[in-house]
Amino acid sequence: MYNFDECPDRVRERARKWDRKIIEKNFGKVPEGFIPMWIADMDFKMPPELEQALRAAIGRGALGYTYCYDEFYEAVMRWQGDRHGATVEKEWITLSYGTVSTLHYVIQAFCGPEDCVLMNTPVYEPFDSAARRQGVKRIYNSLQLREGRYTINFTALKAQLEQYKPQLYLFCSPHNPSGRIWSFEEMKTVARLCREHDTILVADEVHGEHIHQGKFHSALMLKEAHSNLILLTSPNKGFNLGGLKTSYSIIPDEKLRTRLRQKLEQNSVTSPNVFGIIGLIAAYDRCRPWLDEAAAYIRENYELFASYIAAKIPQLQVMEMEASYLAWVDIRRTGLSSGEVTRVLASRAGALVENGAHFVRDGEGYIRVNLGTQRDNVLAVLKKMEEVLNQPPGR
Ligand SMILES: Cc1ncc(COP(=O)(O)O)c(C=O)c1O
């Protein structure tokens, strides 16, 4: 029903992903006709139902200050209930200005200069910089590869919780960069360990909307986690609304909630962006068919990507992408570093992918390829990768 083969004018939109100035700052000079598959931002035209809602707001003729009216809470409660099976009370929900900003506020609210936070690596870089910017120490728990999938080393995790007593465990679920969905058993162990060690579980669930394989379990489904859970999410990954800078937290425990709210108020993070709240409500209430079709399209992109690589670029290995639209690719058999592969693809072929080494730690030897784009782009990048990576060294 929706046309995902159509790419909006992303250059005129001034999308960071497509802006030559920003690209060249990150990758050096790139040829004409480059294809950006780096920043986690999708190239699909927004759902028409969302466009209608935003146009209607403009049509009303004014853009004054607004507030979190009931429809916002109702849309979140319905979404979390219908989509993820979680019963959420209105009082648990707090608006904020993006999941990444909220991570910063959470760390400010709960960590003093002597405290530390724990995270699995590799991981989305802002987990690390959010803590670093507050002068908070970071403890890294390396994910382990088992039969090509990441697993959590619970023995090491328990030891780290005991030794360092981190205030927060920043937990990416589903996981960026690998697209791994944590099983219910894993989630339960995470929640139990956090509870036993008095560590707050901060679950970032922004990648929970495109599920390709298996079942996504929101941390909210674990009642036993509710006393020490801060859940952060937004429609920004699922519906590509990052530019609206609107997100929310769900915190069942009143004490934790009050502490974060005080921090948000201290920084005047209170009333929503007028388009942000309208976009969130429209996405959750009216754009579910678009989301499901987008996920199916992405899944086909992934299948094309994985099968092409297996057949024609066998020195690469693609990890199973269970959620989201980011393929995590093992490049170790090329004999090149992640930086070298990223640079050579960018400079020779204009294929722009993320350097795995940018994912805090343990990402060297990988690249991340954004498949939230038109099928033609996926195919064109595959051909470029094949050409560049199959060239004899030195050419
Ligand atoms: C794990 C993770 N959290 C948060 C974000 C950004 O979310 P928001 O747009 O709500 O700040 C991203 C974006 O790539 C992400 O990968």
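- The name an unreviewed UniProt entry gives the protein is cysteine-S-conjugate beta-lyase, with Lucifera butyrica as the organism.
- Within the UniProt record for the protein, the comment given under Cofactor (unreviewed entry) is "pyridoxal 5'-phosphate".
- Under Sequence similarities (unreviewed entry), UniProt gives the following word-for-word description of the protein: "Belongs to the class-II pyridoxal-phosphate-dependent aminotransferase family. MalY/PatB cystathionine beta-lyase subfamily."

1. With respect to helix 1 (residues 20-27)
Argument step 1. N-capping of helix 1 is provided by Asp19, with a side-chain oxygen placed 3.0 Å from the backbone N of Lys21.
Argument step 2. The first or second residue beyond helix 1 is Gly28, which carries a positive phi of 80°.

2. So, the sheet that holds strand 8 (residues 200-204)
Strand pairs in the sheet, formed through backbone hydrogen bonds, run parallel or antiparallel to each other.
Argument step 1. If you walk across this open sheet you meet the seven strands as 2-10-9-8-7-3-4, and the pairing is mixed. Unpaired on one side and paired on the other, strand 2 (93-96) and strand 4 (137-142) mark the two borders of the sheet. Taking the axes of each pair of neighbouring strands and ignoring which way they run, one obtains an average angle of 25° across the sheet.
Argument step 2. By the bridge criterion, six bridges tie strand 3 (residues 116-121) to strand 4 in an arrangement that is parallel.

3. Some words on the site of the ligand
Argument step 1. Neighbouring the ligand are 13 residues, the closest being Thr99, Asn176, Asp204, His207 and Asn236.
Argument step 2. Measuring from an oxygen atom of the ligand, one finds a backbone N or O atom of Val100 at 3.1 Å.

4. Focus on the packing of helix 10 (residues 288-312) against helix 12 (residues 375-389)
Argument step 1. Where helix 10 contacts helix 12, the two axes come as close as 10 Å, and the packing angle between them is 15°. By the criterion of interaxial angle, the relationship of helix 10 to helix 12 is roughly parallel. The hand of the helix 10/helix 12 crossing is right-handed. Seen from helix 10, the contacting residues are Tyr297, Glu300, Asn301, Leu304, Phe305, Tyr308, Ile309 and Lys312; seen from helix 12, they are Arg375, Val378, Leu379, Leu382, Lys383, Met385 and Glu386.
Argument step 2. The residue inventory of the contact of helix 10 with helix 12, partitioned by class, reads nine nonpolar, one polar and five charged.

5. A look at the domain arrangement of the protein
Frequently, the measure chosen for interface size is the accessible area that the parts lose on association.
Argument step 1. Once the domains are mapped, the protein shows domain 1 (16-46 + 288-389) and domain 2 (51-286).
Argument step 2. On a C-alpha basis, the centroid separation for the pair domain 1 and domain 2 is 25 Å.
Argument step 3. Taken together, the contact pairs 31 residues of domain 1 with 36 residues of domain 2.
Argument step 4. Summing the contributions of domain 1 and of domain 2, the shared interface buries around 3100 Å²; its carbon and sulfur component is 54%.
Argument step 5. Here domain 1 and domain 2 share three salt bridges between them.
Argument step 6. For the salt bridge of Glu322 with Arg149, the shortest nitrogen-to-oxygen distance reads 2.7 Å.

6. Remarks on the pattern of salt bridges
Argument step 1. Summed over all chains, the structure comprises 28 salt bridges.
Argument step 2. Here Arg83 makes a salt bridge to Asp292, at a shortest N to O gap of 3.0 Å. In this pair, Arg83 is assigned in helix 3 (residues 70-84) and Asp292 in helix 10, connecting sequence segments 209 residues apart.
Argument step 3. Given a relative accessible area of 22%, Arg83 falls into the partly exposed group.
Argument step 4. By relative accessible area, Asp292 is classed as partly exposed at 37%.
Argument step 5. With a closest N to O distance of 3.8 Å, Arg361 and Asp362 form a salt bridge.
Argument step 6. Taking relative accessible area as the criterion, Asp362 reaches 34% and is therefore assigned partly exposed.

Analysis parameters
Residues numbered from 1 in each chain as written. Predicted model: local features only at pLDDT ≥ 70, side-chain atom pairs only at ≥ 80, totals over all residues. Heavy atoms only, no water. UniProt positions renumbered as here; feature names shortened; annotations may be inferred. Polar contact = N/O pair within 3.5 Å; in protein donor to acceptor, adjacent residues only side chain to side chain. Helix = DSSP H or I, 4+ residues; strand = E, 2+ residues; numbered from the N terminus. Pairing = 2+ DSSP bridges. Axes fitted to C-alpha atoms, helices over the stretch in contact; angles between N-to-C directions. Near = heavy atom within 4 Å. Parallel < 35°, antiparallel > 145°, perpendicular 65-115°, else oblique. Left-handed = near helix turned anticlockwise from the far one by under 90°. Contact = heavy atoms within 4.5 Å. Nonpolar A, V, L, I, M, F, W, Y, C, P; charged D, E, K, R; others polar. Domains from an automatic or database assignment. Buried area = accessible area lost by both parts, 1.4 Å probe. Salt bridge = Lys/Arg side-chain N within 4 Å of Asp/Glu carboxyl O. Buried < 20%, exposed > 50% of the residue type's maximum accessible area, 1.4 Å probe, protein only.

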